[in-house]
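# A look at the structure
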Amino acid sequence: MDFDAIVVGSGISGGWVAKELCERGLKTLVLERGRDVQHRVDYLDFAPPWELPHRGMVPETEKAQHYAIQSTSYAFNSASSQWFVRDSEHPYSTPMDRPFSWIRGYQLGGRSITWGRQTYRMSDFDFKANRLDGHGIDWPIRYEDIQPWYDRVERFAGISGSNEGLEQLPDGQFLPPLALNCVELAFKQKTEADHPTRRVTVARCAHLTEPTPEHIALGRGPCQLRNVCERGCGYGAYFSSLSATLPAARKTNKLTVITDAIVERLDYDHAKRRVSGVRTIDANTKQGRSYQARVVFVCASTVATAQILLASKSEYFPHGLANRSDALGRHLMDHVVGIGASGTHPGFLDRYYYGRRPTGFYVPRYINITENADVDFVRGFGFQGYSSRSSWQRGEHEAGVGAELKQRLREPGRWEMSLVGFGEMLPRADNRVTLDEKRRDQWGIPLVHIDCTHAENERRLAERASQDAVRMLIAAGFENVTPLGAIRPPGSSVHEMGTARMGRDPATSVLNGHNQAHDISNLFVTDGSCMTSTGTVNPSLTYMALSARAAHRAADLLASGEI
Ligand SMILES: Cc1cc2nc3c(=O)[nH]c(=O)nc-3n(C[C@H](O)[C@H](O)[C@H](O)COP(=O)(O)OP(=O)(O)OC[C@H]3O[C@@H](n4cnc5c(N)ncnc54)[C@H](O)[C@@H]3O)c2cc1C
Ligand code: SF4
């Protein structure tokens, strides 16, 4: 086989790289460790609750035995468990007192099937933060470098949302927004009146509220507001690799996908200073194989990418491929979650809603942007929120059977609202991924060891986020307001980032400003490992934009013969 490019991983970032490279006319091979998935055919989105195993729930014994970590995800249920790895079959280690929740999906499409579809742009508050407060190294890019690529990926993916004119949450190329419900509108009015620099806006999300001809040509249809998205969507109404990027790549006839191909390591040719091959192990037969191409993109997701590059040691790179800086595997970050508050509202009992809106509202960051007084930490947090009527929201999970249950569900219950904080985590060299050479998985690959903790800045930020959430809910007339609890272990927000960070200086970073390895010109990395800081917004839209940008950079360099 003869390829121009190899892409490792078919999730959000790998899907984008494959699409852009194929559309540039490059013969592209995607190597995916998980199984093949047929869009629509393999989803359970049309199964009613009573046809699902355990009515959508997973028995506690099965969770404990196989999904101890994965089942902590809100999206894990008996209709979506097929998109989560079995922890029992894919072990990793952490220090006893420092857990890390590594939530994974090994299949074609990766976690683009289960993701929450929240899509926000980072701003120059994020790209300049490290330089200004001295935590971490400076990003090699600014908002203006990525802005046209945000435009490009938003148009293609289909993002619904509303433009708000906020510097910290740049506007975009949006499809019509979904609507706030009556309680959210009242919360918005009260919060914005009390705090003129805070904004409550409908969430921006990767759902087709009004598909364009480009979306329709790929077989995608409008969102039906069913809110069973984590099962996979037969309408292709939310963005995933399976509904969008891989079908677009296939249309070019330049794409080859090989599933069940676990990338074990990359080979390096020192004479040419290039990656010379990608070695795989067949997940089923355990047979080894090697593939070659002119350029290689590693998009296996933050921790897995670090694993592959660390395992690709050689005489010339004894500490991992492209790792002269010793930054590889370090600076692991994740958004701080488990913070915020919830409450119930005594009013609006004559108001209802129609359908199951698959998203909520958003309160963008204000701390250390427009509100700086009495702040004893750097960076900030945003809130994602949702409100609904209690027994309708719990719906099929409400205990009971038969006529008595039906009767009870006629009463929608009081309005409930949650404000769920997402806080920035600072980059620290000791938060890192290493390989445990003594312990191997069933394919003989060294296990990943993850050592990652929160520090004082995250704790202070979390405390403030919960306090602010409590105050905003009480001010808006909510009762029974309670903080959500304690900070959850790193990894819990599933926004892991930073293990092969971008930077200007090859001595302190793995990648340059185009996601190209400083040390090896035909090696690119475009998943969350490239991130130099986390910002406060959900990161996948940024991975998409950086992936598209890097793919075009590689195509240009290949065309000019520079790589
Ligand atoms: C429940 C949930 C909700 C989320 N909500 C949001 C949200 O609202 N907004 C947001 O921005 N993000 C969200 N995320 C995070 C989002 O899913 C990830 O940021 C995104 O999928 C990362 O893209 P990726 O391409 O780096 O990795 P993935 O999508 O995980 O894809 C990586 C792929 O690489 C493959 N792979 C791994 N190792 C190897 C190997 N050795 N060889 C070959 N292939 C390999 C995997 O099988 C996988 O298919 C959520 C995630 C979850 C699980
Ligand atoms: S809510 Fe929309 S995107 Fe989600 S499963 Fe239903 S139709 Fe698909």
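The structure presented is a predicted model; accordingly, all values stated were derived computationally and were not measured.

What counts and how
Residues numbered from 1 in each chain as written. Chains lettered and ligands numbered in written order. Predicted model: local features only at pLDDT ≥ 70, side-chain atom pairs only at ≥ 80, totals over all residues. Heavy atoms only, no water. Helix = DSSP H or I, 4+ residues; strand = E, 2+ residues; numbered from the N terminus. Rg over C-alpha atoms; globule rule 2.2 N^0.38 Å. Buried < 20%, exposed > 50% of the residue type's maximum accessible area, 1.4 Å probe, protein only. Salt bridge = Lys/Arg side-chain N within 4 Å of Asp/Glu carboxyl O. Near = heavy atom within 4 Å. Nonpolar A, V, L, I, M, F, W, Y, C, P; charged D, E, K, R; others polar. Polar contact = N/O pair within 3.5 Å; in protein donor to acceptor, adjacent residues only side chain to side chain. Areas by Shrake-Rupley, 256 points an atom, 1.4 Å probe, with all protein chains shown as cover. Pairing = 2+ DSSP bridges. Axes fitted to C-alpha atoms, helices over the stretch in contact; angles between N-to-C directions. Core = buried A, V, L, I, M, F, W, Y, C linked by side-chain atoms within 4.5 Å. Contact = heavy atoms within 4.5 Å. Disulfide = S-S within 2.5 Å. 1 Å grid on protein atoms, 1.4 Å probe; cavity = no way out; pocket = protein on both sides within 12 Å on 5 of 7 lines; lining within 4 Å. Points joined across faces, edges and corners; volume = space filled by probe spheres on them.

## Notes on the overall build of the chain
A tally of helices and strands in the chain yields 13 helices and 18 strands. In terms of overall size, the chain behaves like a compact globule, its C-alpha atoms giving a radius of gyration of 23 Å where 563 residues would be expected to give roughly 24 Å. Seen through its C-alpha atoms, the chain measures out along the principal axes to roughly 75 × 55 × 50 Å. In the chain, which comprises 563 residues, the proportion classed as buried is 61%.

## Thoughts on the pattern of salt bridges
Side chains that differ in sign of charge can pair as their charged atoms come close. This structure, assessed with the given rule, holds 37 salt bridges. A salt bridge links Glu154 to Arg121, with the shortest nitrogen-to-oxygen separation between them at 2.6 Å. Of this pair, Glu154 sits in helix α5 (residues 143-157) while Arg121 sits in the loop between α2 (60-66) and α3 (124-127), placing them 33 residues apart in sequence. Across this residue pair, the class does not change: Glu154 and Arg121 are buried. In this structure, the salt-bridge partner of Arg279 is Asp267, at a minimum N-O distance of 2.8 Å. Here the residue Arg279 occupies a position in strand β8 (residues 274-282), and Asp267 occupies one in strand β7 (residues 261-269), the gap between them amounting to 12 residues. Since its relative accessible area comes to 34%, Arg279 is described here as partly exposed. We classify Asp267 as buried; its relative accessible area is 16%. Salt bridges sharing partners connect three or more residues here, namely Arg198, Glu371, Arg464, Asp468 and Arg471.

## Notes on the site of ligand 2
For ligand 2, the set of nearby residues contains 13 residues, the closest of which are Cys223, Arg226, Asn227, Cys229 and Cys233. The residue inventory of the shell around ligand 2, partitioned by class, reads nine nonpolar, three polar and one charged.

## Details of the site of ligand 1
Taken together, 38 residues lie around ligand 1, and Ser13, Glu32, Arg111, Gly116 and Val263 are the ones closest in. Between ligand 1 and Gln107 there is a distance of 3.1 Å, counted from an oxygen atom to a backbone nitrogen or oxygen. Measuring from an oxygen atom of ligand 1, one finds a backbone N or O atom of Pro539 at 3.5 Å. Bound to the protein, ligand 1 loses 97% of the 990 Å² it would expose on its own. Of all elements in the fold, only α1 (12-23), β7, α9 (302-311) and α13 (540-559) reach the threshold of two or more residues within the shell around ligand 1.

## Focus on the sheet that holds β7
Strand order in the open sheet formed by three strands is β7-β8-β9, and the pairing between neighbours is antiparallel. Of all strands in the sheet, those bounded by a partner on one side alone are β7 and β9 (288-291). Averaged over all adjacent pairs, the angle separating strand axes in this sheet is 25 degrees, with direction ignored. The sheet contact formed by β8 and β9 spans four bridges and is antiparallel. By the bridge assignment, Arg279 is partnered in β9 with Ser290.

## Looking at the nonpolar core
One finds Phe187, Leu266, Phe297 and Leu523 to be the most contacted residues of the largest nonpolar core, which totals 149 residues. Leaving out residues up to four positions away in the same chain, Leu266 has contacts with Val275, Gly277, Val278, Val296, Val298, Ile308, Leu309, Ser312, Leu321 and Leu523. Ranked by size, the runner-up nonpolar core spans six residues in total, among them Tyr67, Ala75, Phe84 and Ile103.

## Here we look at the pairing of strand β16 (residues 446-451)
Burial within β16 is extensive, with five of its six residues counted as buried. In the sheet, strand β15 (residues 432-440) pairs with β16 via six bridges, with the strands oriented antiparallel. For Arg440, the partnering residue across the bridge sits in β16 and is Pro446. Where β15 folds back onto β16 in an antiparallel hairpin, the turn is made up of five residues, including Gly444, whose phi is positive at roughly 85 degrees.

## What about the state of the cysteines?
Evaluated as defined, the whole model comprises zero disulfides. Unpaired in terms of disulfides, Cys530 finds its nearest cysteine sulfur in Cys299, a separation of 9.5 Å. Since its relative accessible area comes to 0%, Cys530 is described here as buried.

## Notes on the sheet that holds strand β17 (residues 479-483)
The sheet built from six strands is open, its strands ordered β5-β12-β13-β14-β11-β17 with antiparallel pairing. The sheet is open, and its two edges are formed by β5 (201-202) and β17, each paired on a single side. Pairing geometry for β5 and strand β12 (residues 361-363), over two bridges, is antiparallel. By the bridge assignment, Thr201 is partnered in β12 with Tyr362.

## Regarding the pairing of strand β14 (residues 415-423)
Here strand β11 (residues 336-345) pairs with β14 via eight bridges, running antiparallel. Its bridge partner lying in β14, His345 is registered against Trp415. As defined by bridge partners, strand β13 (residues 381-389) adjoins β14 across nine bridges and the pair is classed as antiparallel. If you follow Phe383 over to β14, its bridge partner there is Gly421.

## Considerations on the layout of surface pockets
Its boundaries defined by the atoms lining it, the second largest pocket holds a volume of some 330 Å³. As for the second largest pocket, its lining consists of 18 residues, and the residues nearest its centre are Arg35, Val85, Glu89, His90 and Tyr106. Here the residues of the lining of the second largest pocket are counted per class, giving seven nonpolar, six polar and five charged.

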